[in-house]
Amino acid sequence: MARKNKIEDILVEEVHFPNLAQGKDPQGKPIEVKGGLPGQKIRVQVTRNRPEIKKAKFLEVLEPAPYEGPSPCPHSPVCGGCAYQTLSYQQESAYKKDLLDKLLAPYLGPQGIPYTPSPQEGAYRNKMEYTFGDEFKGGPLALGLHRKARFYELVNTPHCLLVHEDFNRLREAVRSYFEETGVPAYHRARHEGTLRHLVIRKSRATGQILLNLVTRTTDLDLNPLVDLLLALDLEGDLVSIYHTENDGVADIVQADALHLLYGQEAIQEELLGLKFSIGPFSFFQPNPFTAEIIYQKARDLAGQEKGLVFDLYSGTGTIGQILAQEAQKVIGIELVEEAVDQARKTAQLNGLKNVHFLAGDVLQVLDQVEEKPNLVVLDPPRTGVHPKAIQKILDLAPKRILYISCNPKTLAQDMEAFLASHYQLSHLEAIDQFPRTVHLECVALLSRK
């Protein structure tokens with residue numbers, strides 16, 4: 001039996017959605033690893049040796065697949081942010097559709113899933129979350145994305161192709177400032193240091209930019225940094241600069257304290273004729289080019305719903321407000337209070353008096369609402385809908401359920417519960433919300449039999 005941590009070189013024979021690759025060791029035993037394209041020869045490290053299969057960690061590509069080309073991104077060999085920079089976007093779209101067809105085969109016809117590529121494949125992201133750390137152990141300060149297969153090492157990304165050039169200028173300005181001033185990055189294993197994350201958001205419609213620096217609780221004087229950022233030559237307009245203090249041990253962006261250092265509380269975005277306020281912790285679709293497609297699909301599938309709509313996991317209330325233009329009433333439920341505050345403000349800005357947003361966990365807030373909806377809209381996080389929340393939705397017995405998912409695997413799992421309880425699948429399609437990555441967005445409509 002091969003030992004754990006052994007290095008193996010394998011040929012990727014097949015891949016399952018989203019990026020679970022399989023090959024064989026020299027004795028013919030299957031090896032499963034996250035990462036890799038069919039036809040690539042890759043190096044992996046065995047992490048678990050089960051009797052029927054080995055589990056492994058991806059290390060590097062030794063030989064590209066015959067259909068791959070040169071990457072336009074200088075960071076792609078080491079950066080963990082992208083997966084398909086060596087494919088044309090047409091190749092990527094065909095490949096992702098094929099993976100999705102196999103995953104969702106029980107629900108699809110002979111042509112597979114209807115698939116809409118993103119109208120824009122590069123510089124599409126309106127939000128980027130960077131992490132402070134070391135380029136390598138004991139190395140210089142980095143501010144960027146995680147290195148492939150190395151959680152504690154980061155890649156500086158001065159030429160990232162997923163974002164507008166304003167993101168790259170702001171990221172490098174912040175990194176250089178703290179490198180010169182000698183402020184240390186937070187070490188996630190030892191829980192020492194100061195600098196944690198940098199979050200940048202930009203509105204496609206207005207060009208407004210929001211920047212949020214996340215550190216441990218500190219008495220840093222950030223006024224020189226604010227002056228430096230405001231002096232940058234940007235195409236957009238930097239209108240909000242925040243400082244978030246976070247002393248939690250988890251490697252996530254959260255706020256123990258939030259300070260507005262400069263400007264206005266939120267940036268303004270526009271979609272389908274409506275205005276939306278986006279604050280430092282608001283959920284908003286990361287690709288505004290496909291967001292309009294998704295929300296137009298939601299409006300079309302809702303079919304001018306005139307009754308009561310529940311918008312669960314409502315974020316900044318985007319879908320709820322779009323449907324409120326036709327519905328009698330919309331009730332949105334969202335866990336993040338800051339997002340709920342922004343949703344209420346934008347509903348007032350858009351003159352919508354029939355939409356109401358409640359802050360709290362969907363599982364708990366549903367118990368407090370006595371009304372029964374005609375339509376339930378679900379737009380949950382990647383983990384999907386909690387099984388207990390699914391049961392509460394089934395107890396409401398809505399006529400239709402509109403499920404917008406950023407994780408087709410959890411969508412398939414959740415759909416099984418609905419299909420087993422008096423619902424049938426009326427519509428299912430995919431939209432590429434995340435070009436150059438393994439992720440996809442799906443829209444499904446379930447109707448009560």
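Everything here concerns the structure above.
Parameters and conventions
Residue positions within a chain follow its written sequence, with the count starting from 1. Per-residue local features are limited, in this predicted model, to residues with pLDDT of at least 70; the limit for side-chain atom pairs, both in listing and counting, is 80 or more; totals at the level of whole chains, interfaces and linings are taken over all residues. To obtain the side-chain values, all non-hydrogen atoms of the structure were included, while hydrogens and water were left out. Method remark: on a 1 Å grid restricted to protein atoms, a set of points is classed as a cavity if a 1.4 Å probe fits but cannot get out and as a pocket if it is open with protein on both sides within 12 Å along at least five of seven lines; lining residues have an atom within 4 Å of a point. Grid points are joined across faces, edges and corners, and a volume is the space filled by probe spheres set on the points. Residues were grouped as follows: Ala, Val, Leu, Ile, Met, Phe, Trp, Tyr, Cys and Pro as nonpolar; Asp, Glu, Lys and Arg as charged; and all remaining residues, including Gly, as polar. Two strands are said to pair when DSSP picks up at least two bridges between them. Numbering of helices and strands runs from the N terminus, with a helix taken as a DSSP run of H or I at least four residues long and a strand as a DSSP run of E at least two residues long. Should any heavy atoms of two residues lie within 4.5 Å, those residues are considered in contact. Note on definitions: angles span 0 to 180 degrees between N-to-C directions of axes, and those axes are lines fitted to C-alpha atoms, for helices only across the stretch in contact. Handedness of a crossing follows from how the near helix is turned relative to the far one, being left-handed for an anticlockwise turn of less than a right angle and right-handed for a clockwise one. Counting of polar contacts relies on pairs of N or O atoms within 3.5 Å, with two restrictions inside protein: one atom must be capable of donating a hydrogen and the other of accepting it, and residues adjacent in sequence are counted only when both atoms are side-chain atoms.

Draft legend 1. Inspection of empty space enclosed by the protein at higher detail. Overall, the coordinates contain three cavities of 30 Å³ or more when judged by the stated rule. Put simply, the largest cavity is a space of about 60 Å³. Lining of the largest cavity is provided by Phe283, Tyr295, Asp311, Tyr313, Ser314, Gly315, Thr316, Thr318, Ile319 and Asp379. Split into classes, the residues belonging to the lining of the largest cavity amount to four nonpolar, four polar and two charged. Here the second largest cavity is characterised by a volume of approximately 50 Å³. Together, Arg299, Ala302, Gln304, Glu305, Val309, Ile322, Leu323, Glu326 and Ala327 line the second largest cavity.

Draft legend 2. Seen up close, the sheet that holds strand β19 (residues 355-359). Pairing is mixed across the open sheet formed by eight strands, whose spatial order is β7-β22-β23-β21-β20-β17-β18-β19. The sheet is open, and its two borders are formed by β7 (115-116) and β19, each paired with just one other strand. Relative to strand β21 (residues 400-405), helix α4 (residues 288-302) is tilted by about 170°, and along the sheet it contacts β7, β20 (375-378), β21, β22 (423-431) and β23 (441-448). Helix α9 (residues 408-419) contacts β20, β21, β22 and β23 of the sheet and is inclined by roughly 165° relative to β21.

Draft legend 3. Main features of the packing of helix α8 (residues 387-396) against α9. In contact at an axis separation of 10 Å, α8 and α9 are set at 35° when each is read in the N-to-C sense. Judged by the twist between their axes, the crossing of α8 over α9 is right-handed. Only Asp414, Ala417 and Phe418 of α9 make contact with α8, whose side of the interface consists of Ile390, Ile393 and Leu394. For the contact of α8 with α9, the residue count by class is five nonpolar, no polar and one charged.

Draft legend 4. Geometry of the layout of surface pockets. As a volume, the second largest pocket reaches approximately 280 Å³. If you go around the second largest pocket, you meet 13 residues; those closest to its centre are Asp134, Lys137, Tyr152, His187 and Arg190. Contributing elements (two or more residues each) for the lining of the second largest pocket: β8 (127-134) and β10 (150-156). Tallied by class, residues from the lining of the second largest pocket come to four nonpolar, three polar and six charged.

Draft legend 5. Inspection of unusual backbone geometry at higher detail. For the peptide bond that leads from Phe17 to Pro18, omega is 0°, which places it in the cis range. Residues other than glycine seldom take positive phi values, yet His191 does so here, at roughly 60°. Even without being glycine, Ala397 reaches a positive phi, approximately 55°. Structurally, Ala397 can be placed in the loop between α8 and β21.

Draft legend 6. Summary view of the side chain of Ser76. Tracing the backbone through its elements, the reader meets Ser76 in the loop between β6 (54-63) and α1 (89-103). Engagement of the side chain of Ser76 in a polar contact is seen with the side chain of Ser71, the distance being 2.7 Å.

Draft legend 7. Main features of the sheet that holds strand β3 (residues 20-24). Taking strand neighbours across the sheet as the criterion, the six strands line up as β1-β5-β6-β4-β3-β2 in an open arrangement whose pairing is mixed. Only two strands of the sheet have a single partner each, and these edge strands are β1 (7-11) and β2 (14-16). For this sheet, the mean angle separating the axes of adjacent strands, direction not counted, is 40°. For β1 and strand β5 (residues 41-49), the ladder comprises five bridges, and the chain directions are antiparallel. The partner of Leu11 across the bridge, within β5, is Lys41.

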